[in-house]
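Structural overview
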Amino acid sequence: MDKDKKIKRRDFINTGIRLGIGAGLGAIAIGLTSRSVSGKTIWQIDPSKCVQCDICSKACVLQTSAVKCVHVYDMCGYCDLCSGYLRSNAKDLNTAAENRLCPTGAIVRKYVEEPFFEYTIVEELCNGCAKCVKGCGSFGNGSLQLQIQQKLCVNCNQCAIARSCPAEAISRVDHQSPYLLKGFEG
Amino acid sequence: MRQKIIIGFSLALLLAAVFLIARDLFRKSPSLTEASCCGDDYTALKKVDSSLLGYTRVRVIETDLRNLSGIALNEALQVFACGNKQVVVYDTSGRKTGGFDIDSMASCIAVNGNDICIGMGPRIAHHNISGKLLAIWNPSEAAGYITSIAIHDHYVYAADAVNKIVLKYDTNGKFIQDIGRKDSLTGSPGFVIPSLYFDIAFGAFNDLWVVNPGRLRVENYTTSGYLQSDWGKASSENNGFTGCCNPAHIAILPNGSFVTYEKGIDKIKVFDPTGQFQCMVAGAGSFNGNADFRLGNNNLVKDIATDTDGNIYVLDAYNQINVYKKKEL
Amino acid sequence: MLVLVISLLAFNVIAIQRFPKPEFESGYQVPATQVAKVQSVVLEYLDLALFLACMSVITWLIIKKRSRRAVFWMSVFSLLYFGFYRNGCICLVGSLQNVSMALFNPEYKIPVTAITFFVIPLGFTLFYGRTFCAGVCPLGAIQDLFALRPVSLKPWIRYLLGLIPFIYLGLAVLFAATGTDFIICRYDPFVGFFRHNATYLMFIIGGALLLTGIFIARPYCRFLCPYGVLLNLASRVSRRHLSIAPGTCINCRLCENACPYDAIDKPTGLGVKNDNRELVKKLIVYCLVTPALVVLCGWTVSKYHEDFAHVNFKVRLAQELMTLDRKSETVAIPAEVTTFQASGQQVENLYKETAAIVKRFYTGSWIMGGFIGLVFGLTLARLTLFRYQNEYLANKGNCLSCARCLPYCPVKGE
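These numbers come from a predicted model, not from an experiment. (Residues numbered from 1 in each chain as written. Chains lettered and ligands numbered in written order. Predicted model: local features only at pLDDT ≥ 70, side-chain atom pairs only at ≥ 80, totals over all residues. Heavy atoms only, no water.)

Focus on the sheet that holds strand β17 (residues 227-231) of chain B
Residue and element names in this part refer to chain B. Spatially, the four strands line up as an open sheet ordered β14-β15-β16-β17, and their pairing is antiparallel. What marks the edges here is a single partner per strand, and that holds for β14 (200-202) and β17. The mean angle between the axes of side-by-side strands here comes to 25°, regardless of whether they run parallel or antiparallel. (Pairing = 2+ DSSP bridges. Helix = DSSP H or I, 4+ residues; strand = E, 2+ residues; numbered from the N terminus. Axes fitted to C-alpha atoms, helices over the stretch in contact; angles between N-to-C directions.)

A word on the environment of Ala32(C)
Within the secondary structure, Ala32(C) sits in the loop between β1 (8-10) and β2 (34-36). In the structure, Ala32(C) is positioned 40 residues away from Phe72(C) in sequence and 52 Å away in space, judged by C-alpha atoms.

Observations regarding the side chain of Arg217(B)
All names here are of chain B. Tracing the chain through its elements places Arg217 in strand β16 (residues 217-221). Polar side-chain contacts of Arg217 include one of 3.0 Å to the side chain of Glu219. Sequence-distant contacts of Arg217, defined by excluding residues within four places in its chain, comprise Pro189, Val210, Val211, Asn212, Asp230, Trp231, Gly232 and Asn246. (Polar contact = N/O pair within 3.5 Å; in protein donor to acceptor, adjacent residues only side chain to side chain. Contact = heavy atoms within 4.5 Å.)

Here we look at the interface of chain C and chain A
Taken together, the contact between chain C and chain A spans 70 residues of the former and 60 residues of the latter. Carbon and sulfur atoms make up 63% of the surface buried where chain C meets chain A, a total of about 5,800 Å² over both sides. Here chain C is connected to chain A by three salt bridges. For Lys40(A), the salt bridge is made with Glu44(C), and the minimal N-O distance between the two is 3.5 Å. There are ten residue pairs in polar contact (both at pLDDT 80 or more) connecting chain C and chain A. Residue contributions to the side of chain C that touches chain A peak at eight residues, all from helix α4 (residues 112-128) of chain C. (Buried area = accessible area lost by both parts, 1.4 Å probe. Salt bridge = Lys/Arg side-chain N within 4 Å of Asp/Glu carboxyl O.)

Here we look at the nonpolar core
Ranked by size, the top nonpolar core spans 121 residues in total, and within it Phe51(C), Phe132(C), Tyr220(C) and Tyr227(C) carry the most contacts. Those residues within four positions of Phe51(C) in sequence are excluded, and the remaining contacts are Phe82(C), Leu92(C), Phe117(C), Ile120(C), Pro121(C), Phe132(C) and Val136(C). Judged by nonpolar contacts, the second largest core, of 49 residues, contains Leu62(A), Cys82(A), Val133(A) and Ala162(A). (Core = buried A, V, L, I, M, F, W, Y, C linked by side-chain atoms within 4.5 Å. Buried < 20%, exposed > 50% of the residue type's maximum accessible area, 1.4 Å probe, protein only.)

Observations concerning a nonpolar patch on the surface
Residues and elements named next belong to chain A. On the surface, a nonpolar cluster with roughly 330 Å² of combined accessible area is contributed by Phe12, Ile13 and Ile17. Relative to the helices and strands, Phe12 resides in helix α1 (residues 2-35). A residue is classified by how much of its surface remains accessible, and Phe12, at 65% relative accessible area, is exposed. (Patch = residues over 30% accessible without salt bridge, like charges linked within 9 Å, V, L, I, M, F, W, Y side chains within 5 Å. Areas by Shrake-Rupley, 256 points an atom, 1.4 Å probe, with all protein chains shown as cover.)

Some thoughts on helix α2 (residues 68-85) of chain C
Residue and element names in this part refer to chain C. Taking 1.5 Å of rise per residue, the 18 residues of α2 would be expected to cover 26 Å, and the 24 Å separating its terminal C-alpha atoms lies within 8% of that figure. Among the residues of α2, those classed as buried are Arg68, Val71, Met74, Ser75, Val76, Ser78, Leu79, Tyr81, Phe82 and Gly83. Packed against the buried residues of α2 are α1 (41-65), α5 (131-135), α6 (138-145) and α10 (191-195). For α2, the N-terminal capping position is held by Ser67, with its side-chain oxygen 3.5 Å away from the main-chain nitrogen of Arg69. One or two positions beyond α2, positive phi appears at Asn87, with a value near 60°. (Expected span 1.5 Å × (residues − 1).)

Digging into the pattern of salt bridges
Under the criterion given, the structure shown has 24 salt bridges over all chains. Its salt-bridge partner being Asp80(A), residue Arg109(A) comes within 3.1 Å of it at the nearest N-O pair. Remark: Asp80(A) occurs in the loop between β3 (67-71) and β4 (107-113) and Arg109(A) occurs in strand β4; sequence separation between them is 29 residues. As a salt-bridge pair, Glu262(B) and Lys269(B) come within 2.8 Å of each other at their nearest N and O atoms. Residue Glu262(B) is classed as buried on the basis of its relative accessible area, which comes to 0%. Judged by relative accessible area, Lys269(B) falls into the buried class, the value being 1%.

Here we look at the interface of chain A and chain B
Contacts between chain A and chain B engage 34 residues on the former and 29 residues on the latter. On the chain A side of the interface with chain B, the three residues burying the most area are Leu81(A), Ser88(A) and Phe139(A), jointly 23% of the side's total. Put simply, chain A and chain B have one salt bridge between them. With a closest N to O distance of 3.4 Å, Glu114(A) and Arg215(B) form a salt bridge. Across the contact surface, chain A and chain B share three residue pairs in polar contact (both at pLDDT 80 or more). Per-element accounting of the side of chain A that touches chain B gives the leading share, seven residues, to helix α3 (residues 131-139) of chain A. Residue composition of the side of chain A that touches chain B, grouped by class: 14 nonpolar, twelve polar and eight charged. (Nonpolar A, V, L, I, M, F, W, Y, C, P; charged D, E, K, R; others polar.)

What about the sheet that holds strand β10 (residues 146-152) of chain B?
Residues and elements named next belong to chain B. On the basis of which strands lie adjacent, the open sheet formed by four strands has the order β10-β11-β12-β13 and antiparallel pairing. Two strands close off the open sheet at either side, each with one partner strand: β10 and β13 (175-179). Across the sheet, the mean angle separating the axes of adjacent strands is 20° when strand polarity is ignored. Across six bridges, β10 lies against strand β11 (residues 155-160) in antiparallel orientation. Bridge assignment links Ile151 to a residue of β11, and that residue is Val156.

Quick notes on the pairing of β13(B)
Successive residues of a regular strand alternate their side chains across the two faces of the sheet. All names here are of chain B. The pairing of strand β12 (residues 165-170) with β13 spans four bridges and is classified as antiparallel. What sits directly across from Lys168, in β13, is Gln177. In textbook terms, the turn of a hairpin is the stretch between consecutive antiparallel strands, and for β12 and β13 this stretch comprises four residues, one of which, Gly173, has a positive phi near 100°.

Quick look at the packing of aromatic side chains
With the rule as written, the count across this model stands at 31 aromatic pairs over all chains. Note on Phe26(B) and Phe175(C): the rings are 6.5 Å apart at their centroids and 45° apart in plane angle, and the pair reads as tilted. With one member in each of two chains, Phe26(B) in the loop between α1 (2-25) and α2 (42-46) and Phe175(C) in helix α8 (residues 164-177) form a pair that bridges those chains. The buried category is assigned to Phe175(C), whose relative accessible area is 0%. Each ring, one from Trp231(B) and one from Phe271(B), has its centre 4.9 Å from the other, and the planes form 40°; the classification is tilted. Placement of the pair is Trp231(B) in strand β17 and Phe271(B) in strand β20 (residues 267-271), with a sequence separation of 40 residues. We note that Trp231(B), like Phe271(B), is buried. (Phe/Tyr/Trp six-rings, centres within 6.5 Å; stacked < 30°, edge-to-face > 60°.)

Examining α8(C)
Residues and elements named next belong to chain C. Compared with the 20 Å implied by 1.5 Å per residue over 14 residues, the 20 Å span of α8 between its first and last C-alpha is a close match. Burial analysis of α8 places twelve of its 14 residues in the buried class, which makes it a mostly covered element. Turning to α8, its buried residues are Ile164, Pro165, Phe166, Tyr168, Leu169, Gly170, Leu171, Ala172, Leu174, Phe175, Ala176 and Ala177. At the exit of α8 stands Gly179, carrying a positive phi of roughly 70°.

Some words on the domain arrangement of chain A
Considered domain by domain, chain A is made up of domain 1 (1-36) and domain 2 (41-174). On a C-alpha basis, the centres of domain 1 of chain A and domain 2 of chain A stand 54 Å from each other. (Domains from an automatic or database assignment.)

Remarks on the pairing of strand β2 (residues 70-73) of chain B
Residue and element names in this part refer to chain B. What you see with β2 is no split at all: Gly70 and Ala72 on one side and Ile71 and Leu73 on the other are buried throughout. Across four bridges, β2 lies against strand β3 (residues 78-82) in antiparallel orientation. Of the residues in β3, the one forming a bridge with Ile71 is Ala81. Counting the residues between successive antiparallel strands, the hairpin from β2 to β3 contains four residues, one of them, Leu77, with a positive phi of roughly 60°.

Describing the environment of Ala29(A)
Assignment of secondary structure puts Ala29(A) in helix α1. Each C-alpha atom of the pair Ala29(A) and Ala96(A) lies 61 Å from the other, and the pair is 67 residues apart in sequence. Leave out the neighbours within four places in its chain, and Ala29(A) touches Ile115(C) and Val119(C).

Remarks on the packing of helix α3 (residues 92-104) of chain C against α8(C)
Residues and elements named next belong to chain C. Viewed as axis vectors pointing N to C, α3 and α8 meet at an angle of 45°, and their least axial separation amounts to 7 Å. Relative to α8, α3 is oriented oblique. Every pair of crossing elements has a handedness; the one defined by α3 and α8 is right-handed. Listed contacts from α8 to Leu96, Gln97, Ser100, Met101 and Phe104 of α3 are Leu169, Val173, Ala176 and Ala177. Tallied by class, residues from the contact of α3 with α8 come to seven nonpolar, two polar and no charged. (Parallel < 35°, antiparallel > 145°, perpendicular 65-115°, else oblique. Left-handed = near helix turned anticlockwise from the far one by under 90°.)

Brief notes about the packing of α2(C) against α6(C)
Residue and element names in this part refer to chain C. Taken N-terminus to C-terminus, the directions of α2 and α6 make an angle of 120°; their axes are 8 Å apart at the nearest point. Viewed along their axes, α2 and α6 adopt a mutual orientation that is oblique. Here the hand of the crossing between α2 and α6 comes out left-handed. From α2, Arg68, Phe72, Ser75, Ser78, Leu79, Phe82 and Gly83 reach across to α6, where they touch Pro138, Ala141, Ile142, Asp144 and Leu145. Residues of the contact of α2 with α6, tallied by class, amount to seven nonpolar, three polar and two charged.

Following this line, the structure appears as structure tokens:
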């Protein structure tokens, strides 16, 4: 009899706590869902905050960083002396390999017409080191920008590059406007 | 006994893992030191050899304003500074003597006698010296952007960077002609303007000098639009211009020498009237203040101007006007 | 690797009107900038549905079907799918950080999947016990595979180590709520194996834990997992739970050494019955001791709130800016300092923000310390209370529902 009473009391307390926790969970779920919810967030770099420190290419959890240089053609000046393609302290101003900035040769230059040259990026070669971004932004229009390429990024809960970025340039953005390119309205 | 060793060993591993986590989490050492970026080291380019300095700074006019974009001087040594919806006038000792409001953000300003002309994006406004608006018009080409303006002999010359042309108007806004359009018949090469920096200035001898930034040179036109000469070349040395589109700003001294500002390396140089490098005025370390210099957000120098005494006025990104006087030899 | 439906969409570009574009006379067209499309959200919801299905299946397998074999294969499936295929991210354990961050930072928009990942296992646990741990958690599954020579640990060791998850939980919530970092993600020991890449530290911890796991089974689950704490507490009040005997236990003792996690409570024998006066005395002592412990621990932990705050980026930056003048010329200036100086932001604003963050850490560490003190106190209380038990029961809190004990029980179900 005593034991039965004890068990019933324990059950009662258990049920009570269970309902309490359950209600709490429900409150959290509904509260959070109604207040601020996005379908999905992804990580993206804000080019106006980026300082081209080259940590992107090293900090990403993937073997080859998901950060790639993107060329916004509309902002490009198509210059012969592209400061994102050529080193600016080169003695001879030609396109010999030792005068080029990109360490992996990912920028390809093509003659269009006098005096314009088109520059394209081969994404498979780009390692996200931002040397060209720094050159283009310092002297030119800043049409070369670093972005996290969403088909490569695995969308970690906490981006390892975001944690290491000295400029706090990487943040969560809604997946519906995944790219923060300057001069580009997609 | 073996059991105890195994337990001890495993526990040790477990605690080691926990300890490593704790140590890494609460590390006190600085997280990042300057990452060695860019085999291209712009600090070497930006360095100013102090033995080449030909000018000393004599005064700094603190304007307490924000978003100033251009300065100009008249013969009476008044300094006109234009910015966001206003024009302010200072005397050379730095005291504010007047000013007036305009209706939008100004991009450039020019003063000559009683006339003040202000470029405001796609529009040009003509005020008199006390600020009364006399005329306002849009350049004849569609949706341009006026980056530089000059007044000479009652004509207004406006440099439109988007349409890559210099336009000539009278002071009422009547379009006279365009200058510098690419023309194979006259041999005019046309302007290569990769970015919104396209500056013009009038020399001491009625000569119109226009910067052709994509070709890294300065070209001389007659007031009726004929190309007479040019100077300037691409070079990372002091005798040329670096990058893809420089000089970003230009001003001309009374003796015909050119004062140029190159963006990217932030150097202000003086070239003699034939285009030979003469001396340095200032470099990246010369100005102090607080402004956002992350990529593309700001250049160190916004505009340069000269006065009839041969002094150089530099408007920097911190909205200060720095006055430079030639060094005594 | 994530399954991606890649479609390279060439977005139509509307350039900023005033930008000087080169005039091409040869008819050259400026190409459109190409950017890859983001993986569709639908796939995430499919994952969620699959997760829900897995939870239902595993719960049924444990409570109704009672098959160890099935639970084992379920865990292998989870390891392969949620672990190696989905790379183990977003995982349940991490989702509690998302929820903490969302509760205290209104500007953080939490994805629906994170909320559901947090709530669903807890919901199931409230009613059926820790079925998630058994067959759905990939972290648990990989450790389960390594539990080859499990040894039994003395209770005092278990209780002592069992405090670590509470501390980890407190720290995780503290750091997530202040928006500082997701430390569970940062020190996830097994995601490196799933994803084939991680920092050296994560691999070392992972390797150490797997090695330990050969002898001390499921070390992360029992002594580190912060979500496990929540499941533990929820499971104690669960309505139904894995029961070793499907009916009445006959004390045949066949299951005694079946559990690698020391989660089977043995019958206690008749022992001394608590007499009421002793009970009341103990109650009074604990009513005094526990609050004292709460305050003591809260005060102790709050002493370290600046060390906690140092993990926050802004706080570190402010610290470096403040000590900048005192540094010698030879020490390299950190990148974040030069960046901050180049950005033109006011130092005073940074200091203000930092002061607010440090204050939050102060409050947070008081709460965390108090929470740990509470845990101390309640654990002590529970240890000294004698509860009579005359059959073999799975400890409701600690049992991970792995169902290893079930095949041993000869009792036929009703």
